[in-house]
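Working through the structure, step by step
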Amino acid sequence: MGNYEALFEDEENIFGGTPSSKYHDIASQSNEEIVKDEFDKIVEKFAAMEQLLEQAYPDQDIDMMIKNHCFENADSIDTHKKGLYVEFTGNIVMRLDS
């Protein structure tokens, strides 16, 4: 995934809203099957990452590790999250013509 930091210089003007709001706008107006399929891909990726963490840290509380990481790295997590919203929105938009 590329660096989308330049898109967030003026968060309220990106495509007429925030990455999160644009994702939800497009997802709510798109083909329901496409949105469900793309969401399933997100959950599958999340499940795989969770399993990898559990393998690497078998005796750790994974949820607590994630919460601590989010707290300690809030700014970079927020920027990355915005990039993911742009990516997920793009995935839906790219499938609308098919």
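What counts as what
- Residues numbered from 1 in each chain as written.
- Predicted model: local features only at pLDDT ≥ 70, side-chain atom pairs only at ≥ 80, totals over all residues.
- Heavy atoms only, no water.
- Axes fitted to C-alpha atoms, helices over the stretch in contact; angles between N-to-C directions.
- Helix = DSSP H or I, 4+ residues; strand = E, 2+ residues; numbered from the N terminus.
- Parallel < 35°, antiparallel > 145°, perpendicular 65-115°, else oblique.
- Left-handed = near helix turned anticlockwise from the far one by under 90°.
- Contact = heavy atoms within 4.5 Å.
- Nonpolar A, V, L, I, M, F, W, Y, C, P; charged D, E, K, R; others polar.
- Core = buried A, V, L, I, M, F, W, Y, C linked by side-chain atoms within 4.5 Å.
- Buried < 20%, exposed > 50% of the residue type's maximum accessible area, 1.4 Å probe, protein only.
- Expected span 1.5 Å × (residues − 1).

At a closest axis distance of 8 Å, the pairing of helix α1 (residues 19-29) and helix α4 (residues 74-95) adopts a crossing angle of 20°. By the angle between their directions, the pair α1 and α4 is classed as roughly parallel. Note that α1 runs across α4; the crossing there is left-handed. In this structure, α1 uses Pro19, Ser20, Lys22, Tyr23, His24, Ile26 and Ala27 to contact α4, whose residues at the interface are Lys82, Tyr85, Val86, Phe88, Thr89, Ile92 and Val93. The residue makeup of the contact of α1 with α4, split by class, is nine nonpolar, three polar and two charged.

Glancing now at the nonpolar core. With six residues, the main nonpolar core is built from Tyr23, Ala27, Ile34, Val35, Phe88 and Ile92. Apart from the residues within four sequence positions on either side, tyrosine 23 is in contact with Tyr85, Phe88, Thr89 and Ile92.

Attention shifts here to α4. For an α-helix, the turn length of 3.6 residues means that residues three or four places apart are oriented alike. Helix length check: α4 (22 residues) gives 32 Å between terminal C-alpha atoms against 32 Å at 1.5 Å per residue, within 8%. Those residues of α4 not exposed but buried are Lys82, Gly83, Val86, Phe88, Thr89 and Ile92. At its buried positions, α4 is contacted by α1 and α2 (32-56).

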